[in-house]
Amino acid sequence: YIFGKKKATEVAHLVWRHVLHKGDIVIDATCGNGYDTVAMLKMVADESGHGRVYGMDIQTEALENTSSLLDETVTQKEKELVELFPICHSRMDEVLPENTAVRLVAFNLGYLPGGDKGIITSSKTTLLALEASKKMLILGGLISLVVYVGHPGGREELETVEAFASELCVDGWICCKFQMLNRPLAPVLVFIFKR
Ligand code: SAM
(Lines give C-alpha, C1' and ligand atoms only; values in the text may rest on other atoms or scores of the structure.)
Protein backbone atom coordinates (compact mmCIF):
# COMPACT_ATOMS: atom_id res chain seq x y z
CA TYR A 1 0.00 0.00 0.00
CA ILE A 2 2.78 2.39 0.99
CA PHE A 3 4.54 1.91 -2.34
CA GLY A 4 1.50 3.09 -4.30
CA LYS A 5 1.75 6.52 -2.66
CA LYS A 6 3.39 9.12 -4.85
CA LYS A 7 4.23 11.77 -2.30
CA ALA A 8 6.52 11.45 0.69
CA THR A 9 4.02 13.36 2.83
CA GLU A 10 1.32 10.78 2.03
CA VAL A 11 3.64 8.06 3.27
CA ALA A 12 4.27 10.07 6.45
CA HIS A 13 0.51 10.47 6.98
CA LEU A 14 0.06 6.70 6.70
CA VAL A 15 2.59 6.18 9.46
CA TRP A 16 0.95 8.87 11.66
CA ARG A 17 -2.37 7.07 11.26
CA HIS A 18 -0.88 4.00 12.93
CA VAL A 19 0.49 6.00 15.85
CA LEU A 20 -2.24 8.55 16.60
CA HIS A 21 -5.41 8.19 18.63
CA LYS A 22 -8.43 10.46 18.93
CA GLY A 23 -7.80 13.01 21.67
CA ASP A 24 -4.02 13.12 21.18
CA ILE A 25 -1.92 16.26 21.37
CA VAL A 26 0.33 16.80 18.34
CA ILE A 27 2.70 19.41 16.96
CA ASP A 28 3.11 20.56 13.37
CA ALA A 29 6.57 22.13 13.57
CA THR A 30 6.43 23.52 10.00
CA CYS A 31 2.87 24.51 9.07
CA GLY A 32 3.63 25.83 5.57
CA ASN A 33 0.41 25.70 3.56
CA GLY A 34 -1.36 23.67 6.24
CA TYR A 35 -1.83 20.28 4.57
CA ASP A 36 -0.07 18.40 7.35
CA THR A 37 -1.90 20.45 10.00
CA VAL A 38 -5.26 19.44 8.49
CA ALA A 39 -4.22 15.79 8.13
CA MET A 40 -3.12 15.47 11.77
CA LEU A 41 -6.15 17.43 13.05
CA LYS A 42 -8.50 14.97 11.32
CA MET A 43 -6.67 12.11 13.04
CA VAL A 44 -6.82 13.50 16.59
CA ALA A 45 -10.03 15.57 16.77
CA ASP A 46 -12.87 13.74 18.49
CA GLU A 47 -16.53 14.61 18.79
CA SER A 48 -16.34 15.81 22.37
CA GLY A 49 -13.70 18.42 21.56
CA HIS A 50 -10.59 16.51 22.59
CA GLY A 51 -7.39 16.44 20.60
CA ARG A 52 -5.12 19.37 19.98
CA VAL A 53 -2.76 20.59 17.27
CA TYR A 54 -0.06 23.13 18.04
CA GLY A 55 1.30 24.53 14.80
CA MET A 56 4.25 26.80 14.17
CA ASP A 57 6.01 28.54 11.31
CA ILE A 58 8.39 31.48 11.09
CA GLN A 59 6.39 33.02 8.21
CA THR A 60 3.07 34.73 8.91
CA GLU A 61 2.16 34.03 5.27
CA ALA A 62 2.39 30.31 6.02
CA LEU A 63 0.19 30.59 9.10
CA GLU A 64 -2.37 32.60 7.11
CA ASN A 65 -2.39 29.88 4.44
CA THR A 66 -2.82 27.24 7.12
CA SER A 67 -5.67 29.15 8.72
CA SER A 68 -7.42 29.53 5.33
CA LEU A 69 -7.01 25.85 4.54
CA LEU A 70 -8.51 24.98 7.93
CA ASP A 71 -11.49 27.26 7.15
CA GLU A 72 -12.02 25.42 3.87
CA THR A 73 -11.57 21.86 5.08
CA VAL A 74 -12.56 21.42 8.73
CA THR A 75 -15.47 22.46 10.94
CA GLN A 76 -15.24 25.51 13.20
CA LYS A 77 -15.29 23.15 16.20
CA GLU A 78 -12.30 21.25 14.81
CA LYS A 79 -10.47 24.47 14.00
CA GLU A 80 -10.79 25.53 17.63
CA LEU A 81 -8.53 22.60 18.54
CA VAL A 82 -5.67 24.22 16.59
CA GLU A 83 -3.35 26.87 17.98
CA LEU A 84 -0.86 28.53 15.63
CA PHE A 85 2.34 30.28 16.70
CA PRO A 86 4.52 32.57 14.56
CA ILE A 87 7.77 31.28 16.02
CA CYS A 88 10.82 29.17 15.24
CA HIS A 89 10.16 25.53 16.12
CA SER A 90 13.29 25.51 18.29
CA ARG A 91 11.16 27.49 20.78
CA MET A 92 8.25 25.05 20.89
CA ASP A 93 8.78 24.35 24.59
CA GLU A 94 8.24 28.06 25.36
CA VAL A 95 4.72 28.21 23.93
CA LEU A 96 3.26 24.85 24.90
CA PRO A 97 1.73 24.45 28.37
CA GLU A 98 4.18 22.88 30.80
CA ASN A 99 4.31 19.06 30.78
CA THR A 100 2.21 18.74 27.63
CA ALA A 101 2.16 15.07 26.61
CA VAL A 102 2.77 15.08 22.88
CA ARG A 103 2.20 12.01 20.68
CA LEU A 104 3.56 13.39 17.39
CA VAL A 105 5.95 16.12 16.34
CA ALA A 106 6.01 16.45 12.56
CA PHE A 107 8.56 18.32 10.49
CA ASN A 108 8.22 18.97 6.78
CA LEU A 109 11.50 20.75 6.18
CA GLY A 110 12.69 23.10 3.46
CA TYR A 111 10.83 26.10 2.03
CA LEU A 112 7.20 27.12 1.69
CA PRO A 113 5.84 25.77 -1.61
CA GLY A 114 4.80 28.79 -3.67
CA GLY A 115 6.58 31.13 -1.26
CA ASP A 116 10.05 32.61 -0.75
CA LYS A 117 12.57 29.85 -1.47
CA GLY A 118 15.17 31.77 0.51
CA ILE A 119 13.36 31.14 3.78
CA ILE A 120 14.20 27.56 4.66
CA THR A 121 14.67 25.41 7.72
CA SER A 122 18.27 25.24 8.90
CA SER A 123 20.30 22.44 10.45
CA LYS A 124 20.99 24.40 13.62
CA THR A 125 17.39 25.24 14.55
CA THR A 126 16.12 21.88 13.29
CA LEU A 127 18.51 20.18 15.72
CA LEU A 128 17.35 22.41 18.61
CA ALA A 129 13.74 21.60 17.73
CA LEU A 130 14.53 17.88 17.68
CA GLU A 131 16.04 18.16 21.17
CA ALA A 132 12.92 19.98 22.38
CA SER A 133 10.63 17.40 20.72
CA LYS A 134 12.51 14.54 22.34
CA LYS A 135 11.70 15.92 25.78
CA MET A 136 7.99 16.42 25.11
CA LEU A 137 7.21 13.10 23.49
CA ILE A 138 5.22 10.45 25.39
CA LEU A 139 5.99 6.73 25.25
CA GLY A 140 4.62 5.40 21.98
CA GLY A 141 5.09 8.82 20.38
CA LEU A 142 6.73 9.73 17.08
CA ILE A 143 8.96 12.41 15.61
CA SER A 144 8.33 12.37 11.87
CA LEU A 145 10.49 14.24 9.36
CA VAL A 146 10.23 14.80 5.63
CA VAL A 147 13.68 15.97 4.56
CA TYR A 148 14.34 17.50 1.15
CA VAL A 149 17.78 17.05 -0.38
CA GLY A 150 17.40 18.87 -3.70
CA HIS A 151 18.13 22.41 -2.46
CA PRO A 152 21.40 23.87 -1.08
CA GLY A 153 21.76 22.89 2.57
CA GLY A 154 19.25 20.04 2.26
CA ARG A 155 21.82 17.23 2.35
CA GLU A 156 23.54 18.78 5.35
CA GLU A 157 20.19 19.03 7.13
CA LEU A 158 19.53 15.34 6.41
CA GLU A 159 22.95 14.48 7.87
CA THR A 160 22.12 16.48 11.00
CA VAL A 161 18.81 14.66 11.40
CA GLU A 162 20.45 11.28 10.81
CA ALA A 163 23.21 12.02 13.31
CA PHE A 164 20.63 13.03 15.94
CA ALA A 165 18.62 9.84 15.39
CA SER A 166 21.66 7.57 15.22
CA GLU A 167 22.79 8.65 18.67
CA LEU A 168 19.53 7.88 20.47
CA CYS A 169 19.69 4.87 22.78
CA VAL A 170 18.40 1.62 21.35
CA ASP A 171 16.38 0.76 24.45
CA GLY A 172 14.32 3.93 24.30
CA TRP A 173 14.05 4.70 20.61
CA ILE A 174 13.44 3.09 17.24
CA CYS A 175 14.89 5.23 14.46
CA CYS A 176 14.50 4.49 10.79
CA LYS A 177 14.45 6.12 7.39
CA PHE A 178 12.57 5.59 4.16
CA GLN A 179 14.47 6.55 1.06
CA MET A 180 13.80 6.09 -2.66
CA LEU A 181 16.93 4.36 -3.93
CA ASN A 182 16.20 4.99 -7.59
CA ARG A 183 15.19 8.64 -7.03
CA PRO A 184 18.22 10.28 -5.41
CA LEU A 185 16.56 13.71 -5.12
CA ALA A 186 13.31 12.45 -3.62
CA PRO A 187 12.59 13.56 -0.05
CA VAL A 188 13.82 11.21 2.65
CA LEU A 189 11.52 10.25 5.51
CA VAL A 190 12.93 9.80 8.98
CA PHE A 191 10.81 8.28 11.76
CA ILE A 192 11.89 8.37 15.39
CA PHE A 193 9.61 6.28 17.62
CA LYS A 194 9.79 6.51 21.40
CA ARG A 195 9.25 3.05 22.88
N1 SAM B 1 3.81 21.15 6.27
C2 SAM B 1 3.59 22.10 5.21
C3 SAM B 1 2.36 21.76 4.42
O4 SAM B 1 1.71 20.71 4.66
O5 SAM B 1 2.02 22.56 3.54
C6 SAM B 1 4.81 22.34 4.35
C7 SAM B 1 5.99 22.90 5.12
S8 SAM B 1 7.18 23.74 4.13
C9 SAM B 1 7.96 22.45 3.26
C10 SAM B 1 8.38 24.25 5.31
C11 SAM B 1 7.94 25.40 6.19
O12 SAM B 1 8.87 25.52 7.27
C13 SAM B 1 7.91 26.76 5.52
O14 SAM B 1 6.62 27.29 5.56
C15 SAM B 1 8.88 27.60 6.34
O16 SAM B 1 8.47 28.95 6.53
C17 SAM B 1 8.90 26.87 7.65
N18 SAM B 1 10.10 27.12 8.46
C19 SAM B 1 11.35 27.37 8.07
N20 SAM B 1 12.16 27.51 9.11
C21 SAM B 1 11.40 27.34 10.23
C22 SAM B 1 11.67 27.37 11.62
N23 SAM B 1 12.89 27.58 12.07
N24 SAM B 1 10.65 27.18 12.48
C25 SAM B 1 9.39 26.93 12.01
N26 SAM B 1 9.07 26.89 10.70
C27 SAM B 1 10.07 27.09 9.82
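Residues numbered from 1 in each chain as written. Predicted model: local features only at pLDDT ≥ 70, side-chain atom pairs only at ≥ 80, totals over all residues. Heavy atoms only, no water.

A. Structural context of the sheet that holds strand S6 (residues 173–178). Ordered by their spatial adjacency, seven strands build an open sheet running S3-S2-S1-S4-S5-S7-S6, and the pairing between neighbours is mixed. The strands lining the two open edges of the sheet, one partner per strand, are strand S3 (82–85) and S6. Across the sheet, the axes of successive neighbouring strands diverge by a mean angle of 15°, strand direction being ignored. Packing of helix H1 (residues 8–19) onto the sheet brings it into contact with strand S4 (102–108), strand S5 (137–147), S6 and strand S7 (188–194), and relative to S5 it is tilted by some 175°. (Pairing = 2+ DSSP bridges. Helix = DSSP H or I, 4+ residues; strand = E, 2+ residues; numbered from the N terminus. Axes fitted to C-alpha atoms, helices over the stretch in contact; angles between N-to-C directions. Contact = heavy atoms within 4.5 Å.)

B. Broad picture of the nonpolar core. Ranked by internal contacts, the top residues of the largest apolar core, which has 30 residues, are Ile-27, Met-92, Val-105, Phe-107, Leu-145, Val-190 and Ile-192. Elements supplying a minimum of two residues to this core: strand S2 (52–56), S4, helix H6 (123–136), S5, helix H7 (154–166) and S7. Sequence-distant contacts of Met-92, defined by excluding residues within four places in its chain, comprise Ile-27, Ala-29, Met-56, Ile-87, Val-105, Phe-107, Ala-129, Ala-132, Ser-133 and Met-136. Grouped together as the second largest cluster of nonpolar side chains are 27 residues, Val-38, Met-40, Val-44 and Val-53 included. (Core = buried A, V, L, I, M, F, W, Y, C linked by side-chain atoms within 4.5 Å. Buried < 20%, exposed > 50% of the residue type's maximum accessible area, 1.4 Å probe, protein only.)

C. Summary view of the environment of Gly-154. Along the polypeptide, Gly-154 turns up in helix H7. Along the primary structure Gly-154 and Val-95 are separated by 59 residues, whereas in three dimensions their C-alpha atoms are 27 Å apart. Once residues lying within four places of it in the same chain are set aside, the contact partners of Gly-154 are Val-147, Tyr-148 and Val-149.

D. A look at the side chain of Gln-59. Topologically, Gln-59 is positioned in the loop between S2 and helix H3 (60–73). Given a relative accessible area of 10%, Gln-59 falls into the buried group. Dropping the residues within four chain positions of it, Gln-59 is found in contact with Leu-112 and Ile-119.

E. Up close: the environment of Asp-57. Tracing the backbone through its elements, the reader meets Asp-57 in the loop between S2 and H3. Each C-alpha atom, one on Asp-57 and one on Lys-134, is 19 Å from the other, the two residues being 77 residues apart in sequence. Polar side-chain contacts of Asp-57 include one of 2.9 Å to the backbone nitrogen of Gly-32. (Polar contact = N/O pair within 3.5 Å; in protein donor to acceptor, adjacent residues only side chain to side chain.)

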